[in-house]
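Descriptive analysis of the structure
The lines below spell out each chain.
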Amino acid sequence: MPEIVGIRFFQAGKIYYFDSSAVSVEKGDYVLVETVYGKEVGKVVIPPKQAVLNEISEPLRPVIRKANEQDLEKMRRNQRLARAALEKCRELAKNLQILIKPVSAHYDFDRTRLTVFFTAEKRVDFRELVRELSHTVRTKVELRQIGARDEAKLLGGLGRCGLSLCCATFLSELAPVSIRMAKEQNIALNPMKTSGICGRLLCCLGYEYEQYRSMKEKLPPIGQKVSTPLGEATVTACDPLKETVQLELEGGGITELPLSQITWRKNSR
């Protein structure tokens, strides 16, 4: 059975698996690998483990070797050159009046390809920009359009919580987020409170969604008639985290009781 490792090429980027059988590596090592786009230096984030052959959906590319200091210096130089190429791309796009926003650029290890990630409000013809930029940097250029959430992931920043963006620090995949998640958690449907700096719904709305949903299934619905030690009452509000229910008693009083002190006909829900 081959040994495989999980490798990332960007901070919080997607994890790709490679065959490490021929090279001794550990978690945290930088390695040189062959990808579909050429050679790249990546970081081992999942240590070597035995892979079951029937669990491998396609042939894995091998790890070439551990990255040495020369490789790492070349990687850092590529990053500096990519930043310079990004500025040139922005300048050319402005001069050519092409309505795109270049966000990030990346050279492969051997600098045979420059990939520029950009956002745009609509489809644009950027062929002339590609020709001009290719002529300037003297290598193959590829432009890839990305969405607002991907832009935030690439650029990073601080969320409304005051911490670094989840998507730029530890979220490898950007999972779908829906307004239903906010409703289940009784969050006010105010775009200023439910949207991140990308303008889309906050990724963290999904973190506790399943917990809220499962806890709310134990609670009676609003308006439900229930029995309590204080007599019959009507549910006016619920707190899933505390597992308490706010009630309006038949006598007109308002009280809050733990779920354990309340009974109701659940099939009438």
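Everything quoted here is computed from the prediction, not taken from an experiment.

**Let's talk about the pattern of salt bridges**
According to the stated counting rule, one finds 17 salt bridges in the structure shown. Salt-bridge contacts for Arg65 lead to Asp71; the nearest nitrogen and oxygen are separated by 2.4 Å. Owing to a relative accessible area of 31%, Arg65 belongs among the partly exposed residues under this scheme. The exposure class of Asp71 is buried, given its relative accessible area of 6%. Here Arg213 makes a salt bridge to Glu217, at a shortest N to O gap of 3.4 Å. Residue classification places Arg213 among the partly exposed residues on the basis of a relative accessible area of 29%. Connected through salt bridges with shared partners, the residues Glu69, Glu73, Arg76 and Arg80 form a single ionic network.

**A look at the sheet that holds strand β8 (residues 140-145)**
In a beta sheet, neighbouring strands are held together by backbone hydrogen bonds and run either parallel or antiparallel to one another. Spatial ordering of the open sheet is given by β6-β7-β8, a layout of 3 strands whose pairing is mixed. Strands with a single pairing partner mark the edges of an open sheet, and in this sheet they are β6 (101-107) and β8. Ignoring strand direction, the axes of neighbouring strands in this sheet form an average angle of 25°. Bridge count for strand β7 (residues 113-119) against β8 is 6 bridges, and the pairing is parallel. Each residue of the ladder has a partner; that of Leu114, found in β8, is Val141.

About the criteria used
Residues numbered from 1 in each chain as written. Predicted model: local features only at pLDDT ≥ 70, side-chain atom pairs only at ≥ 80, totals over all residues. Heavy atoms only, no water. Salt bridge = Lys/Arg side-chain N within 4 Å of Asp/Glu carboxyl O. Buried < 20%, exposed > 50% of the residue type's maximum accessible area, 1.4 Å probe, protein only. Pairing = 2+ DSSP bridges. Helix = DSSP H or I, 4+ residues; strand = E, 2+ residues; numbered from the N terminus. Axes fitted to C-alpha atoms, helices over the stretch in contact; angles between N-to-C directions.

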